[in-house]
Amino acid sequence: MITDSDLNPRQREAVTSTEGPLLVIAGAGSGKTRTLVHRVAHLVQKGVMPESILLLTFTRRAAEEMIERASRLGDQRCRFVAGGTFHSFAYKVLRQYSKEIGFQNGFTVIDRGDTEDIIGSIISEVKERFKGVRLPKKSTIAEIISKANNLCKPIYHILRDFFPHFLDLNDLIEAVKESYEGYKVTHQIMDYDDLLIRFLALLKDRFDIKSNLSQCYRYIMVDEYQDTNKIQAQIIVYLGQDHRNVMVVGDDSQAIYAFRGANYKNMFEFKNYFPDAKVIKLEENYRSTQHILNFTNAIMEKAVNTYTKCLFTQRKGGILPRLVDTLTELGQAIFVADCIERLLKMGIPPDEIAVLFRAAYHSFELEAELTRRKIPYVKYGGFKFLESAHIKDILGFFRAYLNPEDPMALSRVLMMHKQIGPSRLKKILAWLKEGKRSLSEIGGYSEGKGKAEAIRTELGRLGELFKDLESLNLDPKKAVLRVLDYYTPILTERFDDYPRRQREIEELVPMAERYPDLASFLADLVLDPPNGNLVQEEGIRSVTLSTIHSAKGLEWSYVFIIWVAEGRFPSFRAYKDPEELEEERRLLYVAATRAKEDLILTYPSEDARELNIYGQSYSSGTETLSSFLLGLSEGVVERVRFKKGLPFKIYHPDGERQGPFGEGVHQEKRISSQVEEKGSFEGLLEDPGLKKGDKVRHQAFGVGVVSKGPMDDKVEVLFAQYGKKLLHLKYTRLERL
DNA sequence: CATCACGCTGTTTTT
DNA sequence: CAGCGTGATG
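Below, the structure is looked at part by part. Since the model is a prediction, treat every value here as computed from it, not as a measurement.

1. A short note on helix α12 (residues 266-273)
1) Next: Every buried residue of α12 is listed here: Asn-266, Met-267 and Phe-270. Along the axis of α12, the buried positions cluster into a sector of 95 degrees, meaning they face one direction only.
2) Next: Where the residues of α12 are buried, they touch β1 (22-26), α11 (230-240) and β7 (246-250).

Pasting the structure below:
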C-alpha cells in the first residue's frame with residue numbers, strides 16, 4: 001500500500017502532479033529515487049496502464065531497481081513499466097523500424113573499441129598522404145568525432161574548443177569522419193551516437209512513428225536529466241509533444257558527464273520547450289549530517305550557472321569532515337587502509353564504507369594495500385569486462401557470424417590465429433569477397449601448392465565452427481559453448497594469465513541462457529553490459545566517480561575521497577579552464593554528498609611538491625583541491641607558466657625554460673632545440689603578466705603558481721581561515737611511516 | 001611475412 | 001603503464 005506519509009510535501013507534490021510537464025530539481029540525497037518510485041506506483045494505482053509508462057534512467061539496473069521497488073509498494077503490475085537507458089530504448093525502437101530507415105537486415109551495435117579499430121584502418125589507408133605529420137591517436141579521433149556528433153557541432157568547432165593543437169588537421173579528420181560514417185552504413189552497424197541520432201531523426205521525419213510512440217508511452221519520466229545531451233533532450237521533446245506528460249528529474253550540481261557531451265543546461269532549457277512546466281525543488285536532505293552538508297554547500301557556493309539550492313537536514317550531531325595530508329600517495333593508501341581496518345574491527349559492515357576517486361588508476365596503490373591486508377573490496381570503473389581482449393575475441397565470432405558485412409569482426413577472428421597478420425588477412429578477405437563465399441567456406445582458402453599448410457587446417461576448423469553456428473540456429477547458450485570450445489586453446493596459448501580469463505569467458509554461458517537469440521544477447525552486452533562497471537565482487541566499495549551511478553547503492557556511512565596529485569602530465573595540469581574546473585567541482589560535490597556520517601578527504605602534499613621541484617611549475621590535483629576549498633590561498637610567485645596565444649620568450653640555459661601548454665613535451669623539445677641554436681625562442685604564448693616574486697593568490701585556473709615555503713603550513717593556515725568562515729575542517733597529520 | 005624487442009609518448013572519466 | 005611505430009629476426 002502506498003503510504004504518502006513516507007513523503008514530504010514537496011515530494012508528494014511531485015508524485016501527484018501526474019499530468020503535464022514537470023521539472024524536479026532534486027538535490028543530492030533529497031529522496032529523488034523514492035519520489036520516482038512512488039510516482040510510478042501512484043500512476044499505476046490511478047489506473048494508468050504500466051506499459052504506457054516509460055522510465056528512462058542512466059543504467060538499466062537503475063530502472064530495474066526502481067520498478068522493483070515500485071512493485072513492492074503494493075502493485076505487481078508495476079513490473080510491466082517500460083524502462084531502460086536512452087541507448088537501449090533507442091535500439092529497441094530502431095530495431096523495430098530498421099527496414100524503414102534503410103537497414104534491410106537489421107544492424108549491429110558497436111562499442112567505442114570497435115569504432116577505434118575502424119578509424120585505425122581508415123587512417124592506415126590515408127596515412128601515406130600525411131607522411132611526417134604527427135597524427136592524433138585513433139582514440140582521440142574517435143573522441144573528436146563522437147563529440148561533434150553529441151554536441152551537434154562541426155569538427156572545426158570541436159577542434160577549436162577542445163583540441164586547438166589539432167586545428168591544422170581539420171581536413172584530415174573531416175575526411176576520416178566521412179569515411180567512418182560511410183563505413184557504418186555499408187556494413188550495417190551503428191555506434192552509441194548513431195542510436196540517438198537516428199532515433200531522433202526518426203521522430204523528426206516520421207510523423208506516424210512519432211505519434212505511434214506517444215500513443216504507446218503516455219507518461220514519460222527521465223532520471224539524471226542533468227546528464228543528458230542535446231540529442232536526448234530533443235528526443236524527450238518529440239516523445240512528449242502530443243501528451244506533454246513529461247517529468248524530468250535532475251540536479252545541475254551533479255552533472256559530471258560534460259566530457260561526453262552532456263549538457264546540464266538542459267535543466268534550464270526544459271522550460272523553453274515546456275513553458276508551463278511545474279518546477280519543484282527538493283532540498284531537504286535525508287542522507288548526510290549537517291556538517292557534511294555545510295561542506296558540500298560551500299563547494300557549490302562558488303559555482304556558476306546553477307539552480308541555487310541549499311541542502312539542509314534535520315539530523316543533528318555527527319563529526320566534522322576532515323582533510324588529511326598524507327604527504328605521499330603511498331601514505332594515502334596506507335592511511336585509508338588503516339582507517340578501513342579500524343572501522344571493520346569496530347564491526348562496521350564493509351558495504352557501508354566507500355572510497356571514491358576521479359580516475360580508475362588512482363586506486364591502484366590502495367588496491368595493492370588492501371590486497372596485502374587481505375581486505376576484500378568491490379571496484380567500479382576502469383577496465384571493463386567487455387573491453388578485455390578475451391571477451392572481445394569471443395564476441396568477434398558472433399559478430400562475424402551475425403553480420404558478414406562487418407569485416408572488422410572477422411579480421412579480429414582471423415588475426416588471433418598464428419601466422420595470420422595484416423597482409424595475409426587482406427588476402428583472405430579479398431578471396432572471400434571475390435568468390436562471394438560464406439564464412440563456412442573459409443576452409444577452402446589456399447595460397448597454392450604446399451604453402452602455408454598449417455593455416456589451411458586452421459581455417460578448415462574455423463569453417464567448421466561457422467557451419468556449426470549455423471546449424472545451432474542461433475541458440476545463444478549452445479553457440480557460446482561451441483565458440484568456447486574452439487577458442488580455449490587459442491586463449492591458453494596467447495595469454496599467460498589464462499586461468500582468470502578462462503573463468504571470465506565461461507561466465508558468458510549462464511548469461512547467454514537468458515536470451516532468445518544471439519542478436520539480442522550481443523546487443524545487450526554492448527548496450528547494457530551486466531555489471532558493466534563492476535570489476536570485482538564483495539567487500540568495501542572502491543568507486544571511480546564517473547561510474548557512481550552504476551555502483552550498487554549510492555550512499556555510504558563512511559566515505560573516503562582520494563584526491564591524487566596529478567602531476568604526471570604537466571603540460572595539461574597547469575591550465576584548468578573555467579569549464580573544466582566547474583566539472584571537477586561537481587565531481588568533488590557528487591563524491592562528498594554520498595557520505596552519510598563521515599567524510600575524509602586525503603591528499604599527498606609532498607608528492608605534489610616534489611613534482612613542482614623537479615618538473616616545471618605545474619599545478620597538481622592537490623592544488624585544484626585547495627583552490628576549491630580555499631579559493632583564496634596566498635603565495636609568492638616562484639615560476640610562472642604561460643598560456644598559448646601571445647608572444648613570449650624562453651631563455652637558455654637553465655633559466656626559466658618553460659614547457660609550453662598545448663603540445664606537451666613534443667613541442668618543448670622543438671623549442672629547446674631552437675633555444676639551443678639561437679639562445680632564445682620566440683613563440684606564440686600568452687604572458688599572464690606575472691613575474692617571480694609577485695604576491696598572488698593560488699588560482700584554480702589561468703596561472704599555475706608554485707608557492708614558496710612549505711605547502712603544509714599554508715594549507716594549515718588557510719584551512720583555519722576557511723574554518724572561521726564556513727566550516728571546521730580539522731587538519732590531521734599522519735606520521736611518516 | 002609474422003613476430004618480437006625497443007623506445008617514445010602522454011589526461012582522465014562512459015553510454 | 002600501455003599503445004604505437006620501427007627495425008631486426010626467424
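2. Description of the environment of Ala-519
1) Next: Note that Ala-519 resides in helix α23 (residues 518-527).
2) Next: Counting along the chain gives 111 residues from Ala-519 to Met-408, while the straight-line C-alpha distance between them is 17 Å.
3) Next: Among all residues touching Ala-519, those that are not within four sequence positions of it are Tyr-91, Arg-95 and Leu-402.

3. Let's talk about the packing of aromatic side chains
1) Next: Scanning the entire structure with this criterion turns up twelve aromatic pairs.
2) Next: Here Tyr-257 and Phe-259 contribute two aromatic rings whose centre-to-centre distance is 5.8 Å and whose plane-to-plane angle is 50 degrees, an arrangement assigned as tilted.
3) Next: You can call Tyr-257 buried: its relative accessible area is 4%.
4) Next: Ring centres of Tyr-264 and Phe-268 lie 6.4 Å apart, and the angle between their planes is 75 degrees; on these two criteria the pair is classed as edge-to-face.
5) Next: Using a relative accessible area of 13% as the deciding quantity, one classes Tyr-264 as buried.
6) Next: On the basis of relative accessible area, Phe-268 is assigned to the partly exposed category, the value being 27%.
7) Next: Between the NZ or CZ atom of Arg-34 and the centre of the ring of Tyr-286, over which it lies, the distance is 5.1 Å.
8) Next: Taking the ring centre of Tyr-257 as reference, the NZ or CZ of Arg-260 above it sits at 4.0 Å.

4. Quick notes on unusual backbone geometry
1) Next: One non-glycine residue, Cys-152, lies in the positive phi region at around 55 degrees.
2) Next: Following the sequence through the fold, Cys-152 ends up in the loop between α6 (138-151) and α7 (155-162).
3) Next: Unusually for a residue other than glycine, Gln-188 sits at a positive phi of about 55 degrees.
4) Next: Under the relative-accessibility criterion, Gln-188 is labelled buried at 14%.

5. What to know about the packing of helix α1 (residues 9-16) against helix α2 (residues 32-45)
1) Next: For the pair α1 and α2, the least separation of the axes is 8 Å and the interaxial angle reads 40 degrees. When the axes of α1 and α2 are compared, the pair comes out oblique. Crossing handedness for the pair α1 and α2: right-handed. Residue-level inspection shows Gln-11, Ala-14, Val-15 and Thr-16 of α1 in contact with α2, the latter providing Arg-34, Thr-35, His-38, Arg-39 and His-42.

6. Things to note about the sheet that holds β7
1) Next: In spatial order, the strands read β3-β2-β6-β7-β1-β8; together these six strands make up an open sheet with parallel pairing. Either end of the sheet is taken by a strand with one partner, and the two such strands are β3 (82-84) and β8 (278-282). When the angles between neighbouring strand axes are averaged without regard to direction, this sheet yields 10 degrees.
2) Next: Relative to strand β6 (residues 219-222), strand β2 (residues 53-56) runs parallel, the two being bridged by four bridges. When the sheet's bridge partners are listed, Leu-54 is paired in β6 with Ile-220.
3) Next: Contacts between α2 and the sheet are confined to β1, β2, β6, β7 and β8, with β6 contributing the most and set at about 170 degrees to the helix.

7. Concerning the nonpolar core
1) Next: Counting 46 residues, the largest nonpolar core has Phe-397, Phe-398, Leu-414, Leu-459, Leu-462, Tyr-487 and Phe-521 as its most contacted members.
2) Next: Listed by contribution, the elements that provide at least two residues to this core are α16 (389-402), α17 (407-415), α18 (422-434), α19 (453-471), α20 (476-494), α22 (508-513) and α23.
3) Next: Examining the composition of this core, we find that eight residues originate from one element, α20, more than from any other.
4) Next: Among all residues touching Phe-397, those that are not within four sequence positions of it are Val-413, Met-416, Leu-462, Leu-465, Phe-466, Val-483, Tyr-486 and Tyr-487.
5) Next: Counting residues in each nonpolar core, the second largest holds 44 residues, with Leu-56, Phe-86, Phe-89 and Phe-107 among its members.

8. Some points on the packing of helix α9 (residues 192-205) against α11
1) Next: Put simply, α9 and α11 touch, their axes get as near as 10 Å, and they point 30 degrees apart. By the criterion of interaxial angle, the relationship of α9 to α11 is roughly parallel. Here the hand of the crossing between α9 and α11 comes out left-handed. Judged by residue contacts, Leu-196, Ile-197, Phe-199, Leu-200, Leu-203 and Lys-204 of α9 engage Ile-231, Gln-232, Gln-234, Ile-235, Tyr-238 and Leu-239 from α11.
2) Next: For the contact of α9 with α11, the per-class residue count stands at nine nonpolar, two polar and one charged.

9. Describing the pairing of strand β10 (residues 353-357)
1) Next: Counting buried residues in β10 gives five out of five residues, a clear majority hidden from the surface.
2) Next: Burial along β10 is two-sided: the residues Ile-353, Val-355 and Phe-357 and Ala-354 and Leu-356 are all buried.
3) Next: In this structure, β10 lies alongside strand β14 (residues 556-562), joined through four bridges in parallel fashion. Looking at the pairing, Leu-356 lines up with Ile-561 of β14.

Scoring rules and cut-offs
Residues numbered from 1 in each chain as written. Chains lettered and ligands numbered in written order. Predicted model: local features only at pLDDT ≥ 70, side-chain atom pairs only at ≥ 80, totals over all residues. Heavy atoms only, no water. Buried < 20%, exposed > 50% of the residue type's maximum accessible area, 1.4 Å probe, protein only. Helix = DSSP H or I, 4+ residues; strand = E, 2+ residues; numbered from the N terminus. Arc of directions from axis to C-beta. Contact = heavy atoms within 4.5 Å. Phe/Tyr/Trp six-rings, centres within 6.5 Å; stacked < 30°, edge-to-face > 60°. Lys NZ or Arg CZ within 6 Å of the ring centre and 35° of its normal. Axes fitted to C-alpha atoms, helices over the stretch in contact; angles between N-to-C directions. Parallel < 35°, antiparallel > 145°, perpendicular 65-115°, else oblique. Left-handed = near helix turned anticlockwise from the far one by under 90°. Pairing = 2+ DSSP bridges. Core = buried A, V, L, I, M, F, W, Y, C linked by side-chain atoms within 4.5 Å. Nonpolar A, V, L, I, M, F, W, Y, C, P; charged D, E, K, R; others polar.

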